[in-house]
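Residue strings, one per chain:
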Amino acid sequence: MRITAVRATPIAVPLRVPEVWAFGRRTGQISVLVEVDTDEGVTGIGEAAAYPSVDVVLAALRGLEPLVVGEDPMAVERLTKRVEVVGTWHHMRNQSPALAAVDMACWDIVGKVCSQPLSTLFGGVFHDTVEFFYYVTGAEPDQLRQMAEEGTKAGFSTFYLKVGAPDPREDLERVAAVRDGAGAAGRIRVDANEAWSPAAAIRILREMEPFGLEFAEQPVSGRNLTEMAYVRSRVDTPLLANEASWTRFDQMETVRHAAADAISVDNQMDGGLMNLKRSAGICEAAGLGVVKHSLGELGVALTASLHVLSTTPNFIYANQGYASILADDILAEPYEHRDGRLAPPSGPGLGVSLDREKVGRYAEDYARDPAAFAFTSRATGAAHLPRL
């Protein structure tokens, strides 16, 4: 079996509420659907987040095509090593989602040929179901309280909130609103996306301690692990690494610096599903639990990672997902969370199929206005570090 073509389709699916973070906002999820064709008629599907943009992903896929066309999709490890060595993609960052999408599609082919779900190929199911958090997003406390109440009624136990406002008092009000909506038993995770200085992070996290946060995700720069470790030593709230831990190599450095209490891992940022499994193994050896990160994803990418998460013991916390804010998806049978949890499909490969009508519609929406759903600056202007 040989790969004959790599096809890419940018799509834009609206969010039911805007996603707001420390430095910007967006109103939709843009992904690149990737389909890998073979000479035996088997096609695999994958998905790349539009990181940092669709243009970069498409350019990376064009660069990948001559390295993978003619190769055996069943030899996934050989194919990805060929990209890294022959293609000189040794230091992937922006190109990673493109390679991850091709890797995903090849694993889908492997599963289809073997008539086995990916969870079996990655070691067999360890977790029958995998937990995901409920994403609460917005600027107004009343909106956040309402979303947290919705998530609680839907059975979710962990609630994720972006912080890092120019005025820290706004963040405190928003966290208080989520605690009110989630109740005393709800776990709250805040993510500052590196917005704070170390001094600001220490002060603000101490002020948030009465709300009993599960984690503070990447409160300071992920490029200065010494300062991150210092913040960790000065607060009681556990720290979750994200921008500090995008690849296996970053995760090893984070562990060496004792800079986090748990590690966020992401197959799209590290080029493939096997690397996601490797990342978890590195962290397990260090005695750390892991959380799957998401750059924003639809059902294809969610399914691919779900297979790996279900087979890996130390995915013990709620993982990142966009189900609470996505208005739609492109799967023929979209997921429905039960008590905030999902089970991996049992069909061969990814075990999902596409709704071609929706793919076509959302591809047209993207083509009509490519910038409509991209990240933009917040209406309040450029973000600032909180005052010390």
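Residues numbered from 1 in each chain as written. Predicted model: local features only at pLDDT ≥ 70, side-chain atom pairs only at ≥ 80, totals over all residues. Heavy atoms only, no water.

Visitor: Mind laying out the overall build of the protein, listing which residues take part and the relevant values?
Guide: A count of helical and extended segments in the protein gives twelve helices and twelve strands. Relative to the globule expectation of 21 Å for 388 residues, the C-alpha radius of gyration of the protein, 20 Å, shows essentially globular dimensions. By its C-alpha atoms, the protein is 60 × 45 × 40 Å across when sized along the principal axes. In the protein, which comprises 388 residues, the proportion classed as buried is 57%. Relative to all contacts within the protein whose residues are 6 or more apart in sequence, the contacts with residues 24 or more apart total 76%. Between the averaged position of the 37 positive side-chain charges in the protein and that of its 51 negative side-chain charges there is a distance of 3 Å. (Helix = DSSP H or I, 4+ residues; strand = E, 2+ residues; numbered from the N terminus. Rg over C-alpha atoms; globule rule 2.2 N^0.38 Å. Buried < 20%, exposed > 50% of the residue type's maximum accessible area, 1.4 Å probe, protein only. Contact = heavy atoms within 4.5 Å. Lys, Arg positive; Asp, Glu negative; His and termini not counted. Charge placed at Lys NZ, Arg CZ, Asp CG, Glu CD.)

Visitor: Got a sec to walk through the packing of aromatic side chains? Specific residues and values, please.
Guide: Scanning all chains against the criterion turns up ten aromatic pairs. On the basis of an interplanar angle of 85 degrees and a centroid distance of 4.9 Å, the ring pair of F215 and Y317 is categorised as edge-to-face. In this pair, F215 is assigned in strand β8 (residues 215–217) and Y317 in the loop between α11 (299–310) and β12 (341–342), connecting sequence segments 102 residues apart. Judged by relative accessible area, which is 3%, F215 ranks as buried. Of note, R361 hangs over the ring of Y362, and the distance from its end group to the ring centre comes to 5.1 Å. (Phe/Tyr/Trp six-rings, centres within 6.5 Å; stacked < 30°, edge-to-face > 60°. Lys NZ or Arg CZ within 6 Å of the ring centre and 35° of its normal.)

Visitor: Before we move on, can you summarise the layout of surface pockets with the specific residues and values?
Guide: One number sums up the size of the largest pocket: a volume of about 670 Å³. Contributing to the lining of the largest pocket are 33 residues, with W21, R26, Y51, L295 and F375 lying nearest its centre. Here the element with the most residues in the lining of the largest pocket is strand β2 (residues 24–38); it accounts for three residues. In the lining of the largest pocket, the residues fall into 17 nonpolar, eight polar and eight charged. What the second largest pocket holds in volume is close to 320 Å³. Lining the second largest pocket are 16 residues, and of these A323, S324, L326, Y335 and H337 lie nearest its centre. Considered class by class, the residues forming the lining of the second largest pocket number ten nonpolar, three polar and three charged. (1 Å grid on protein atoms, 1.4 Å probe; cavity = no way out; pocket = protein on both sides within 12 Å on 5 of 7 lines; lining within 4 Å. Points joined across faces, edges and corners; volume = space filled by probe spheres on them. Nonpolar A, V, L, I, M, F, W, Y, C, P; charged D, E, K, R; others polar.)

Visitor: Explain the sheet that holds strand β3 (residues 44–49) to me, and be specific about the residues and the numbers.
Guide: Taken in spatial order, the three strands of this open sheet run β1-β2-β3, and their pairing is antiparallel. Looking at the sheet topology across the chains shown, the edges are occupied by β1 (3–21) and β3. Taking the axes of each pair of neighbouring strands and ignoring which way they run, one obtains an average angle of 25 degrees across the sheet. Judged from the 14 bridges that link them, β1 and β2 form a sheet pairing that is antiparallel. By the bridge assignment for β2, V13 is matched with Q29. This element, α11, spans β2 and β3 of the sheet and lies at about 105 degrees to β3. (Pairing = 2+ DSSP bridges. Axes fitted to C-alpha atoms, helices over the stretch in contact; angles between N-to-C directions.)

Visitor: Can you break down the packing of helix α1 (residues 54–68) against helix α3 (residues 96–114) residue by residue, with the values?
Guide: Interhelical geometry of α1 versus α3 gives an angle of 55 degrees and a closest axis separation of 8 Å. Between α1 and α3, the angle is such that the two are oblique. Here α1 runs over α3; the crossing is right-handed. Residues V57, A60, L61 and L64 of α1 touch α3, and the partners they reach there are A98, L99 and V102. (Parallel < 35°, antiparallel > 145°, perpendicular 65-115°, else oblique. Left-handed = near helix turned anticlockwise from the far one by under 90°.)

Visitor: Tell me what's going on with the nonpolar core, and back it up with residues and numbers.
Guide: The biggest cluster of nonpolar side chains holds 111 residues, and the ones touching the most others in it are L61, V136, W196, M208, M228, V300 and I330. At ten residues, α3 tops the list of elements feeding residues into this core. (Core = buried A, V, L, I, M, F, W, Y, C linked by side-chain atoms within 4.5 Å.)

Visitor: Break down the pattern of salt bridges for me, citing the residues and quoting the values.
Guide: As enumerated under the stated definition, the model contains 27 salt bridges in all. Here E131 makes a salt bridge to R187, at a shortest N to O gap of 3.0 Å. One end of the pair, E131, is in strand β4 (residues 130–131); the other, R187, is in strand β7 (residues 187–191), with 56 residues separating them in the sequence. Using a relative accessible area of 13% as the deciding quantity, one classes E131 as buried. Its salt-bridge partner being D270, residue R248 comes within 2.8 Å of it at the nearest N-O pair. Here the residue R248 occupies a position in helix α9 (residues 248–256), and D270 occupies one in the loop between β10 (262–265) and α10 (273–285), the gap between them amounting to 22 residues. There is no split in this pair, since R248 and D270 are both buried. Among the ionic contacts, a cluster of salt bridges with common partners joins R7, E35, D37 and R356. (Salt bridge = Lys/Arg side-chain N within 4 Å of Asp/Glu carboxyl O.)

Visitor: How would you summarise the sheet that holds strand β11 (residues 290–292) if you had to cite specific residues and measurements?
Guide: Picture the strands of a sheet paired through backbone hydrogen bonds; they go either parallel or antiparallel. Spatial strand order, β5-β6-β7-β8-β9-β10-β11: seven strands in an open sheet with parallel pairing. In the strand order of this sheet, the two ends are held by β5 (134–135) and β11, each with one partner. Relative to β11, β10 runs parallel, the two being bridged by three bridges. Paired with I263 across the two strands is V290, which belongs to β11.

Visitor: Explain the environment of I45 to me, and be specific about the residues and the numbers.
Guide: Tracing the backbone through its elements, the reader meets I45 in strand β3. For the pair I45 and C106, spaced 61 residues apart in sequence, the C-alpha separation works out to 7.8 Å. If we skip the residues at most four places from it in the chain, I45 touches V34, E35, M104, A105, D108, V300, L350, V352 and L354.

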